Amino acid sequence: MRTEMPQVIQLSDYQAPSYWVDETSLCVQIFDEYTDVQARLKMRANSDRPTGSPIVLQGVDLTLQALSIDGVAVANYEVQGEDLIIPAPAATTFEVQSRVRIYPRTNTSLEGLYVSGGMYCTQCEAEGFRKITYYPDRPDVLSVFTTRIEAPKSFKTLLSNGNPVASGELDADRHMAEWHDPFPKPSYLFALVAGDLVDVRDTFVTCTGRTIDLRIYVEPHNRHKTAFALSSLKKSMTWDETVYGREYDLDIFMIVAVDHFNMGAMENKGLNIFNSACVLADPETTTDDGFERIEAIVAHEYFHNWSGNRVTCRDWFQLSLKEGFTVFRDAEFTADTHARAVKRMDDVTLLRTSQFAEDAGPMAHPVRPSSYIEINNFYTLTVYEKGAEVVRMLHSLLGADRFRQATDLYFDRFDGQAVTTDDFVTCMADVSGLDLTQFKRWYDQAGTPRLKVEGHYNAAQQTFSLMFEQFCPATPGQPEKLPFHMPVKLGLMGKHSGAELMFSTDHPGYDATLQTFSLRKANDTLVLRGVTEDAVPSLLRDFSAPVVLSYPYTVEDLRHLVRHDSNAFNRWDAMQTLATRVLLSAVRGAAEADGLKTVLTDAVRDVLVDDTLDHAVKARLLRLPSQAYLAEQYTPVDPVALDKVHTDIRRDLGQSLAAEWQVLYGQTQPEAAYVFEHQQVARRALHRVALSYLIAGDHTAWHLAAELYQQADNMTDQSAALQLWGEVANEAWDEAMNGFYQRWQDDAQMAEQWLSIRATVPRIRVPEIRRLTEHPGFSWTNPNRVRSVIGGFAMRNPVAFHADQGAGYRFLADAIIQLNSLNPQIAARLCTPFTYWRRYTPEIQDAMQTELQRIVAVEALSKDVYEVVSKSLV
Ligand code: 0A1
Ligand code: ZN
């Protein structure tokens, strides 16, 4: 058990810093066993703060070797936790000089300066810079950095932020490089890399004619995997100029790929550092989803140059200021580049499955949290994905043109500053004249709002009335909620004609141009006039607000929407609602379950034989909601029973439509060599769906998967085939998997893929998973390998995880305890499955609670794990 309670950081305690750091000069000397860091900080008292305040610098795991101010040694400093406190100097401007020793080789937390493979690299967001030197490590202190790196010549590449200003030899064995970044930035955007790397180069000419040097640095064996990221980068640069008027600012933009990384990638100024898995790609080893993900992450990090770097966050409570906005920007980039409606379906699926779960669990927090113990625990789906939904709602309320004017104003008004989500919304209000006071509740109130709607047609008056009611369930620390300002995009589909109906309304909350109703009250009625026939309303089009909608649709209404809705997203949504209703009725063992299954079969057949549908949309219409999504819809959840219902219904659909699946499988055979482009991606997705139903309906169809695996010219088909084939236990699969490993073991991304397939086959059990953690391809200190095996088993393999009376829970808790000391961030993320323990049946609740108690009793429990586990037990 932790002996001291970690401190809770409160938004309400925010105070501006007592000192600014105008300039920061670092000299980082890399030696075999240790690294010495000398820092010179040109500091200036903040005239808005009381004079005489002590200087407070943060430092973690640093051995202080020298400390002086303006050349005079300082001895009367104090250390309190992570803070180094120095009495106020007499002058208002002065230079703090320090020298510390650090040990990057033994840094397994992957924060600060650490070694990945043979390469030195940094990760400073959120509070990693304090593991490099003593510094006011907070995002509202912006400084101009100059960085000198000295290292053995075996580290050929020495990089930092900004532009290169000097390089040279120090002696026979050592050399140096110096970098200068003219743009003031907070410490979390600092980066440094030293390694034996090769670079692949390109250039980009900006809208004002400046030529930017683009470079991707990788280990030599990965040189062939850089082309896709480079072209994605150039596409992103063009898109940001066209859509947001944002031009790149430095003369050089660099990306470095590293194998050991806690997250996907990091937007350090001019020197993005990427998890190898999120940047390296080639047509032989990367799947379609992989290409799309890499393209989106390259774009995301690039877009941060403006939304995050040029305008940054005042404090970490404002994280969504940069993350929500940047996720919205990268989602729009993907929508513009590929297929808009399909991107929306995929994003909404993620939101409903995982963010809604977070918002309903013990870690629920507002998009702008008001307190935290460990900020690393707040890089969440709520801050990122719900945050992006909030920005999307602003976009819906303002319309594209006014939204662009507002972002222009935001970048202009706050360039070079550290600001708040309120500042962002103020720009939206200033440009549009809208009163967004109520809208701001989206930033402050946690939980997923419920939107209940009823409709009534009055034939005599030709009116269709929509009665709205909203409420939001309680979340930790927020028992009562006030109504939200919700944009509800809607239309009416004629019940007889199937056509989009025209209407008018005098309700001031309805914007006819945007076809959007601004619901502000807890209850409101919208009367639509001139409606010539009874209608099925199509509500919340394109998922215009992140809420749970309920409307008393009959199954016929839903089928009507699947067939006729003019909004592609809502056609898919109606199919999801229908399938969910059928699956849940079967879970409950309801009397109407069998009848509903027939309705679902008919609806699926309709879609199957519809040749007018885009293949990507069709694939998504045919996929059943996942078990994870269904587990969100009711309590108490018995995951084994849920899996049985899901499997039975997939089997029934596979069998009753066997002939149709066969035809579809035949129709979606490849016609040309592999390329990552929409038509092919969509065809492959549909081919996979057909194969999955064929196998679900008849296990002997595994041979189709085996054939696909052997014949495919691409990893998308090969890995899908291995996964589907893996659902059917047989020796041939084991052989194929062994062959895959032999072929690909030296390719890091492929080895991770292999581990992940193994860990997610439904029949795997704890003894085999434990053996997998002893496999040479596994490593406790590599987060990607941990995510593949432990994450795969505990988060993406519900049947296996919940099998055998809690053996899976014991395994996960053991893994968390082991990782707690190696890498607390990763350990805390792996706690997620336990945070939902209250949703399950009593036996599962008991077993999970036992494991949570075992974890919280660990002596040296990190703040990261403590926060998640203790909040889960409340
Ligand atoms: N800002 C990055 C994500 C990131 C966050 C934290 C990290 O370490 C704790 C690393 C990366 C992004 O949004 O891409
Ligand atoms: Zn980001």
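Cut-offs and rules
- Residues numbered from 1 in each chain as written.
- Chains lettered and ligands numbered in written order.
- Predicted model: local features only at pLDDT ≥ 70, side-chain atom pairs only at ≥ 80, totals over all residues.
- UniProt positions renumbered as here; feature names shortened; annotations may be inferred.
- Near = placed C-beta within 6 Å.
- Nonpolar A, V, L, I, M, F, W, Y, C, P; charged D, E, K, R; others polar.
- Domains from an automatic or database assignment.
- pLDDT = per-residue confidence, 0-100.
- Pairing = 2+ DSSP bridges.
- Helix = DSSP H or I, 4+ residues; strand = E, 2+ residues; numbered from the N terminus.
- Contact = placed C-beta atoms within 7 Å.
- Axes fitted to C-alpha atoms, helices over the stretch in contact; angles between N-to-C directions.
- Expected span 1.5 Å × (residues − 1).
- Buried ≥ 20, exposed ≤ 12 C-beta atoms within 10 Å, placed from the backbone.
- Arc of directions from axis to C-beta.
- Core = buried A, V, L, I, M, F, W, Y, C linked by C-beta atoms within 7 Å.
- Parallel < 35°, antiparallel > 145°, perpendicular 65-115°, else oblique.
- Left-handed = near helix turned anticlockwise from the far one by under 90°.

Per an unreviewed UniProt entry, the protein goes by the name Aminopeptidase N and belongs to Saccharospirillum mangrovi. Quoted verbatim from the Catalytic activity (unreviewed entry) field of UniProt, the annotation for the protein is "Release of an N-terminal amino acid, Xaa-|-Yaa- from a peptide, amide or arylamide. Xaa is preferably Ala, but may be most amino acids including Pro (slow action). When a terminal hydrophobic residue is followed by a prolyl residue, the two may be released as an intact Xaa-Pro dipeptide."

Taken together, the neighbourhood of ligand 1 is formed by 14 residues, with Glu 125, Asn 262, Met 263, Met 266 and Tyr 379 sitting nearest. Of the residues belonging to the shell around ligand 1, the class tally is five nonpolar, five polar and four charged. The residues that make up the shell around ligand 1 include at least three from each of domain 1 (9-196) and domain 2 (306-543).

Let's shift gears to the confidence of the model for the protein. Across the protein, pLDDT averages 98, with 100% of residues at or above 70. Both scores are given for the predicted complex: the pTM is 0.99, the ipTM 0.99.

The next point concerns the sheet that holds strand E18 (residues 211-218). What holds strands together in a sheet is hydrogen bonding between their backbones, with the strands either parallel or antiparallel. Ordered in space as E17-E18-E19-E21-E20, the five strands form an open sheet in which the pairing is mixed. Edge positions in the sheet fall to strand E17 (198-205) and strand E20 (265-266), since each has one partner strand and no second. Where helix H1 (residues 227-244) meets the sheet, its contacts fall on E17, E18 and strand E19 (252-258), and the angle it forms with E17 comes to roughly 25°.

On to helix H19 (residues 731-744). Relative to the 20 Å expected for 14 residues at 1.5 Å per residue, H19 spans 20 Å between its end C-alpha atoms, a close match to the ideal helical length. What H19 keeps buried is the set Trp 733, Ala 736 and Phe 740. Buried residues along H19 cover an arc of 60° about the axis, so they all sit on one side. Opposite the buried face of H19, by more than 90 degrees, sit the exposed residues Glu 731, Asp 734, Glu 735, Asn 738, Gly 739 and Gln 742. Buried residues in H19 make contact with helix H17 (702-711), helix H18 (715-726) and helix H20 (748-760).

Let's shift gears to the nonpolar core. Ala 194, Val 256, Ile 816, Leu 830 and Val 865 are the most contacted members of the largest nonpolar core, which has 252 residues in total. When near neighbours in sequence (up to four residues on either side) are disregarded, Ile 816 contacts Ala 827, Leu 830, Cys 831, Ile 855 and Val 865.

Turning our attention to the pairing of strand E9 (residues 93-102). Pairing between strand E3 (residues 35-45) and E9: ten bridges, direction antiparallel. Its bridge partner lying in E9, Met 43 is registered against Phe 94. Two elements, strand E5 (residues 63-69) and E9, share six bridges in a ladder whose sense is antiparallel. Looking across to E9, one finds that Ser 68 is bridged to Gln 97.

On the UniProt side, "domain: Peptidase M1 alanyl aminopeptidase Ig-like fold" (unreviewed entry) is annotated at positions that read residues 447-551 here. Each end of residues 447-551 is marked by a C-alpha atom, and these two atoms are 20 Å apart; helix forms 0% of the span and strand 44%.

Counting through the fold element by element, Ile 69 comes out in strand E5. For Ile 69, a count of 20 C-beta atoms within 10 Å gives the class buried. If we skip the residues at most four places from it in the chain, Ile 69 touches Val 74, Pro 89, Phe 94, Glu 95 and Val 96.

How big an interface is tends to be stated in terms of the accessible area lost upon association of its parts. What the domain assignment reports for the protein is domain 1 (9-196), domain 2 (306-543), domain 3 (551-637) and domain 4 (638-670 + 682-873). Placing the centre of domain 2 and that of domain 3 at their C-alpha centroids yields a distance of 24 Å. Contacts between domain 2 and domain 3 engage 22 residues on the former and 21 residues on the latter. Elements that contribute at least two residues to the side of domain 2 that touches domain 3 include exactly helix H4 (340-360), strand E25 (450-458), strand E28 (491-494) and strand E32 (535-538). For the side of domain 2 that touches domain 3, the leading source of residues is H4, giving eight residues. Counted by class, the side of domain 2 that touches domain 3 contains twelve nonpolar, four polar and six charged residues.

This part covers the packing of helix H11 (residues 593-608) against helix H12 (residues 615-622). Where H11 meets H12, the closest approach of the two axes is 10 Å, and the angle between their N-to-C directions is 170°. Between H11 and H12, the interaxial angle falls into the category roughly antiparallel. When the axes of H11 and H12 are compared, the crossing they make is left-handed. Side by side, H11 and H12 meet where Val 604, Val 607 and Leu 608 of the first sit next to Lys 618, Leu 621 and Leu 622 of the second. Residue composition of the contact of H11 with H12, grouped by class: five nonpolar, no polar and one charged.

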